[in-house]
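One-letter residues, chain by chain:
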Amino acid sequence: MVGYDPKADGRNISSFEVAVAGSVSGLVTRVIISPLDVIKIRFQLQIERLSRSDPGAKYHGILQAGRQILQEEGPTAFWKGHVPAQLLSIGYGAVQFLSFELLTELVHRATTYDARDFSVHFVCGGLSASAATLAVQPVDVLRTRFAAQGEPKVYKTLRDAVVTMYRTEGPLVFYKGLNPTLIAIFPYAGFQFSFYSALKHVHEWVLPAKGRKNENLKNLLCGSGAGVISKTLTYPLDLFKKRLQVGGFEQARATFGQVRSYRGLLDCAKQVLREEGPTGLFKGLSPSLLKAALSTGFVFFWYELFCNLFHHMKKADS
């Protein structure tokens, strides 16, 4: 069970074990979904329409983009920025799941609300993700810069990126896109946790205990469904975040097509709507939904798996 459950006190998982389970779930999932993440970021940053009919469009479909990236940059391009991405996943997973467990337990002990309610999971999920975002935002900016750059590379190594960005753009560069990130992450993570819990309850209602054979498969499917719903509802804010994070990085984007500069979140939204239309708000949605289904599904799958593993290890020792 994700989150505090007063009926499952016997699970006896420590805060450290919760953090480890969150970190490992993020690490394993990141390795699997990195190629889709790179394609999604390329789509989000492309000004031209994602269509064959646009002669200036570099990318127009998932398979075409995958083939072109492979041909031009080699297989390692799908794991560009993988080191900062892994640091992001490990740190984010630990802070998010630990915060969520502590917040839901606080709600149970300090209020009259049921810690398992949809609304409680939404608020606690949003707050825990916001805390995790503040902790890892600099790494997210680095990850986006690495995934967005073409050839020749502007940044050769992680250290080179940190030093160059700090020297040329100042310390605040590591928090570019923070406003839309926080605005987007609260409802996105809130919906993730609340829909995950809700879909598990639906699954248990459809398949009573006698009909259930594989809890791990249930966790994977419910996590995937929660990821798709959450991403669809909050996607435009994710696109704005990516556009703002590569501000001041235009020279590395020249080989991909047109580039734009934005003065902030509202200016970014206005320019996208004016130049790319309403469909521009959902550029890269297809790989993003595929990524959300896999990443959210696997994150909850691995998290629950490791929590259960820790629980069984403690039972065996006692």
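Residues numbered from 1 in each chain as written. Predicted model: local features only at pLDDT ≥ 70, side-chain atom pairs only at ≥ 80, totals over all residues. Heavy atoms only, no water.

Thoughts on the nonpolar core
The condition is simple: Among buried residues, those of type Ala, Val, Leu, Ile, Met, Phe, Trp, Tyr and Cys that are joined through side-chain atoms within 4.5 Å constitute a nonpolar core. Whether a residue is buried, partly exposed or exposed follows from its accessible area with a 1.4 Å probe, protein chains only, as a fraction of its type maximum: under 20%, in between, or over 50%, in that order. Secondary structure follows DSSP: runs of H or I at least 4 residues long count as helices, runs of E at least 2 residues long count as strands, and numbering of each begins at the N terminus. Whether two residues touch is decided by their heavy atoms; if any such pair falls within 4.5 Å, the residues are in contact.
By size, the foremost hydrophobic cluster in this structure holds 18 residues, and its most contacted members are Val-2, Phe-97, Phe-193, Tyr-196, Phe-300 and Tyr-303. Mapped onto this core, the elements with two or more residues apiece are α1 (15-45), α3 (82-110), α4 (118-148), α6 (178-206), α7 (215-245) and α9 (285-317). Apart from the residues within four sequence positions on either side, Phe-300 is in contact with Val-2, Phe-97, Gln-192, Phe-193, Tyr-196, Asn-219 and Gly-223.

Comments concerning the environment of Asp-140
Note on placement: Asp-140 falls in helix α4. Given the relative accessible area of 5%, Asp-140 is considered buried. Asp-140 sits 54 residues away from Gln-86 along the chain, and the two C-alpha atoms are 9.9 Å apart. With residues up to four places along the chain from it excluded, the contact list for Asp-140 reads Leu-88, Lys-241, Lys-242 and Gln-245.

With respect to the environment of Thr-168
The condition is simple: Each polar contact in these results corresponds to two N or O atoms within 3.5 Å; when the atoms are within protein, one needs to be able to donate a hydrogen and the other to accept it, and residues that are neighboring in sequence are counted only if both atoms are side-chain atoms.
Turning to its location among the elements, Thr-168 is positioned in helix α5 (residues 158-169). Judged by its relative accessible area of 56%, Thr-168 falls in the exposed class. Once the C-alpha coordinates of Thr-168 and Tyr-303 are considered, the two residues, 135 residues apart in sequence, prove to be 39 Å apart. Looking at Thr-168, its side chain comes within polar contact range of the main-chain oxygen of Thr-164, at 2.7 Å.

A short note on a nonpolar patch on the surface
This is how it is decided: Each patch is built from salt-bridge-free residues with over 30% relative accessible area, joining like charges within 9 Å and nonpolar side chains (Val, Leu, Ile, Met, Phe, Trp, Tyr) within 5 Å. Exposure was quantified through the Shrake-Rupley algorithm and a 1.4 Å probe, taking into account, for residues, occlusion by the shown protein chains and nothing else. One speaks of a salt bridge when a side-chain nitrogen belonging to Lys or Arg is within 4 Å of a carboxyl oxygen belonging to Asp or Glu.
On the surface, Leu-27, Val-31, Ile-32, Trp-79 and Ile-90 cluster together into a nonpolar patch covering about 380 Å² of accessible area. With 3 residues, α1 is the single largest residue contributor to the nonpolar patch. Mapped onto the elements, Leu-27 comes out in helix α1. By relative accessible area, Leu-27 is classed as partly exposed at 36%.

Notes on the packing of aromatic side chains
Put simply, the rule reads: Centres within 6.5 Å are what make two rings of Phe, Tyr or Trp a pair, Trp counting through its six-membered ring; a difference in plane orientation under 30 degrees is then read as stacked, over 60 as edge-to-face, and the rest as tilted.
Enumeration over the complete set of coordinates arrives at 15 aromatic pairs. On the basis of an interplanar angle of 20° and a centroid distance of 4.0 Å, the ring pair of Phe-100 and Phe-193 is categorised as stacked. Here Phe-100 is found in helix α3, whereas its partner Phe-193 is found in helix α6, with 93 residues between them in sequence. Given the relative accessible area of 0%, Phe-100 is considered buried.

Examining the packing of α7 against helix α8 (residues 265-276)
Selection criterion: Helix axes are fitted to C-alpha atoms over the stretch in contact, other axes to C-alpha atoms as well, and angles between N-to-C directions run from 0 to 180 degrees. Throughout, the term roughly parallel applies to angles under 35 degrees, roughly antiparallel to angles over 145, roughly perpendicular to angles from 65 to 115, and oblique to all others. Only Asp, Glu, Lys and Arg are considered charged in this grouping, and only Ala, Val, Leu, Ile, Met, Phe, Trp, Tyr, Cys and Pro are considered nonpolar; every other residue, Gly among them, is considered polar.
Their axes nearest at 10 Å, the elements α7 and α8 cross at an angle of 105°. Regarding the angle of α7 to α8, the classification is roughly perpendicular. On α8, the residues touching Leu-239, Phe-240, Arg-243 and Leu-244 of α7 are Leu-265, Cys-268, Ala-269, Val-272 and Glu-276. Residues that form the contact of α7 with α8 fall into these classes: 7 nonpolar, no polar and 2 charged.

A closer look at the side chain of Lys-58
Counting through the fold element by element, Lys-58 comes out in the loop between α1 and α2 (62-73). For Lys-58, a relative accessible area of 16% corresponds to the buried category.

A short note on the state of the cysteines
Let me state the cut-off plainly: Note on terminology: pairs of cysteine sulfur atoms within 2.5 Å are recorded as disulfides.
According to the stated counting rule, one finds 0 disulfides in the structure shown. Unpaired in terms of disulfides, Cys-222 finds its nearest cysteine sulfur in Cys-307, a separation of 16 Å. By relative accessible area, which is 6% here, Cys-222 ends up buried.

Description of the pattern of salt bridges
Inspection of the entire model under this criterion finds 19 salt bridges. Linking Asp-37 and Lys-40 is a salt bridge whose minimum nitrogen-to-oxygen distance equals 3.7 Å. Of this pair, Asp-37 and Lys-40 both sit in helix α1, 3 residues apart, which is roughly one turn of the helix. Neither Asp-37 nor Lys-40 differs from the other in exposure class; each is buried.

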